[in-house]
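The primary structure of each chain is shown beneath.
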Amino acid sequence: MKNLITIACLLFSIPLMAQTKVVKKNAVKANNFGITYSLPKTQLIVDAEVTKVTCKAGPYYKYAEKYLGVKDAITEDKVYYELGKLSLVNKGIPDPDNTYIVEFKSGTVAPYAYLTEDGLLCSINAEYTPEESELETIKKNGQGPAKVTDASVFSEELLMAGSTARQAEVAAKQIYRIRESRLNILTGDADNLPPDGEAMKLVIQQLEEQEKALTNLFTGILTKETSHYEVSITPYDNLEKEVLFRFSNLMGIVDADDLGGVPVYMNLKATERAPVLDPKEAEKKEKSLKGIIYNVPGKASIEISMNKKTLYKGDAQITQFGSREGLAPVMFEDKKAPVKVYFYPETGAIKQIIQ
């Protein structure tokens with residue numbers, strides 16, 4: 001079976017993944033004391049942080065070094081993209097080929113299970129509280145658009161200055177006057193000091209905004225806006241130089257088949273893998289599975305690179321490389337002390353058994 005890849009663009013302001021919700025299912029007479037659940041298969045989510053950088057030159061950039069001593073002023077309007085941190089998250093998605101009904105005996109003490117909304121097993125006979133997903137954490141640690149001050153700085157003197165050279169000179173003098181005023185307030189040398197601390201804070205803030213806006217006329221304005229892009233891949237075998245997407249400094253992330261970008265590759269190699277069974281052995285094992293069926297995931301090493309530079313390196317559990325086992329039904333028949341079992345819903349593996 002082929003490895004499946006999908007790509008989606010998600011702006012920073014849009015949630016990367018909804019908070020996991022769980023549903024409690026009781027095994028009662030109405031449903032013949034049975035609970036239906038699915039085991040997950042592994043879907044790897046690659047989250048790429050991309051920053052759009054917008055540069056806008058100020059009208060007085062030619063005079064930035066002369067009047068302000070700034071040597072790296074923006075000299076032209078342009079937009080470019082930067083590829084930031086790559087993160088990889090293991091997400092379990094329901095495997096339609098591995099859906100089971102677990103039946104409890106009617107004498108069992110109030111058996112119940114917690115499932116995710118899409119039917120993945122979380123716990124049996126135990127309360128379950130979902131943890132925040134890794135993608136939600138990535139989103140919270142993201143960065144929004146940089147703030148750009150828009151204070152009105154075109155005074156009558158500046159507007160009446162005439163030539164660009166003269167306007168730059170007037171603007172520079174205004175900057176130095178603002179700096180002097182701020183210093184006088186902070187040192188207490190101003191003729192009219194603000195009446196209290198809050199008023200002083202407000203005045204200082206206004207002066208800083210005016211200075212920043214005037215300085216932008218020389219240095220230009222650089223704004224950064226960070227977005228997150230997700231690529232999903234469901235691996236069924238090893239991968240070598242699998243193109244996840246392409247990246248362009250001029251366009252950002254583009255599709256894997258868009259030659260306008262540089263390819264970002266994934267290499268995935270199984271490091272722990274269950275033995276491959278022949279059809280008869282597989283059928284025999286399938287028939288022997290009873291009780292609570294769970295996954296024993298395999299493991300893979302993963303490397304993501306671009307231009308021969310490693311962007312991500314790590315390991316991940318892959319259920320497709322593992323096997324399925326079963327917890328004996330007799331474990332859940334003790335009326336006095338029902339066994340509690342916790343699972344990892346993203347892999348279907350056992351997390352903890354409490355007897």
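Each chain carries its own residue numbering, running from 1 in the direction its sequence is written. Side-chain atom pairs in this predicted model are given and counted only at pLDDT of 80 or more, local residue features only at pLDDT of at least 70, and totals for whole chains, interfaces and linings cover all residues. Calculation of side-chain values draws on the structure's entire complement of heavy atoms; hydrogens and water are dropped beforehand.

In the annotation of an unreviewed UniProt entry, the entry for the protein reads DUF4831 family protein, and the organism field reads Parabacteroides segnis.

With that settled, the discussion passes to the overall build of the protein. Only runs of H or I of at least four residues qualify as helices and only runs of E of at least two qualify as strands under DSSP, and these elements are numbered from the N terminus. Across its full length, the protein carries 6 helices and 14 strands. Working definition: with a 1.4 Å probe on protein chains only, accessible area under 20% of the residue-type maximum means buried, over 50% means exposed, and in between means partly exposed. Within the protein, the fraction of its 355 residues that count as buried is 40%. The Shrake-Rupley method, run with a 1.4 Å probe, gives the accessible areas here. Residue values count only the displayed protein chains as cover. For the protein, the computed accessible surface area is about 20,500 Å², with 50% contributed by carbon and sulfur atoms.

What follows is about the sheet that holds strand β10 (residues 262–272). As summarised here, the arrangement of the 5 strands in space is β9-β8-β10-β11-β12, forming an open sheet in which the pairing is antiparallel. Of all the strands in the sheet, the pair left with one neighbour each is β9 (252–254) and β12 (309–327). Between one strand axis and the next, the sheet turns through 35° on average, direction left out of account. Both β10 and strand β11 (residues 292–306) contribute to a ladder of 8 bridges, which runs antiparallel. Residue pairing across strands places N267 opposite E303, the latter belonging to β11. Pairing between strands is defined by DSSP: at least two bridges between the two strands are required. All axes here are fitted lines through C-alpha atoms, helices being fitted over the stretch that makes contact, and every angle between N-to-C directions spans 0 to 180 degrees.

For the rest of this paragraph, the subject is the pairing of β10. Looking at chain direction, strand β8 (residues 239–248) and β10 are connected through 6 bridges and run antiparallel. Within the sheet, the bridge partner assigned to R246 lies in β10 and is P263.

Attention now goes to the nonpolar core. Throughout this description, the term nonpolar core refers to a set of buried Ala, Val, Leu, Ile, Met, Phe, Trp, Tyr and Cys residues connected via side-chain atoms within 4.5 Å. Ranked by internal contacts, the top residues of the largest apolar core, which has 27 residues, are L88, M266, I302 and I304. Of all the elements in the fold, those that place two or more residues in this core are β3 (34–56), β4 (78–103), β7 (221–234), β8, β10, β11 and β12. Whether two residues are in contact is decided by their heavy atoms, any of which lying within 4.5 Å being enough. Those residues in contact with M266 that sit more than four places away from it in its chain are V46, L88, I233, L239, E240, K241, E242, L244, I302, E303 and I304. If you look at the next biggest cluster of nonpolar residues, it comprises 18 residues, including Y100, V102, L115 and Y294.

Moving on, we get to the packing of aromatic side chains. Here a Phe, Tyr or Trp ring, Trp counted by its six-membered ring, pairs with any other such ring whose centre lies within 6.5 Å, and the pair is stacked when the planes are under 30 degrees apart, edge-to-face when over 60, and tilted otherwise. Taken as a whole, this structure holds 3 aromatic pairs when the rule is applied. Aromatic pair Y37 and Y100: ring centres 6.0 Å apart, planes at 35°, arrangement tilted. Highlighted residues: Y37 in strand β3 and Y100 in strand β4, separated in sequence by 63 residues. Y100 carries the same exposure label as Y37, and that label is buried. We count a charge as sitting over a ring when the NZ of a lysine or the CZ of an arginine lies within 6 Å of the ring centre and within 35 degrees of the ring normal. Above the plane of the ring of Y265 lies K241, whose end atom (NZ or CZ) is 4.7 Å from the centre. The ring of F321 carries R273 above its face, with NZ or CZ at 4.4 Å from the centroid.

Our next topic: the packing of helix α4 (residues 164–187) against helix α5 (residues 197–219). How two helices sit against one another is set out by the angle between their axes and by the gap between those axes. The N-to-C vectors of α4 and α5 enclose an angle of 155°; their axes lie 10 Å apart at closest approach. Judged on the interaxial angle alone, α5 and α4 are roughly antiparallel. Crossing angle aside, the handedness with which α4 passes α5 is left-handed. On α5, the residues touching A168, A171, A172, Q174, I175, I178, R179, S181, R182, I185 and L186 of α4 are M200, V203, I204, L207, E208, Q210, E211, L214, T215 and F218. For this classification, the nonpolar set comprises Ala, Val, Leu, Ile, Met, Phe, Trp, Tyr, Cys and Pro, the charged set comprises Asp, Glu, Lys and Arg, and every other residue, Gly included, is treated as polar. Counted by class, the contact of α4 with α5 contains 13 nonpolar, 4 polar and 4 charged residues. What sets the label is the angle itself: under 35 degrees gives roughly parallel, over 145 gives roughly antiparallel, 65 to 115 gives roughly perpendicular, and the rest give oblique. By the definition used in this description, the sense in which the near helix is turned from the far one sets the handedness, with an anticlockwise turn below a right angle giving left-handed and a clockwise turn giving right-handed.

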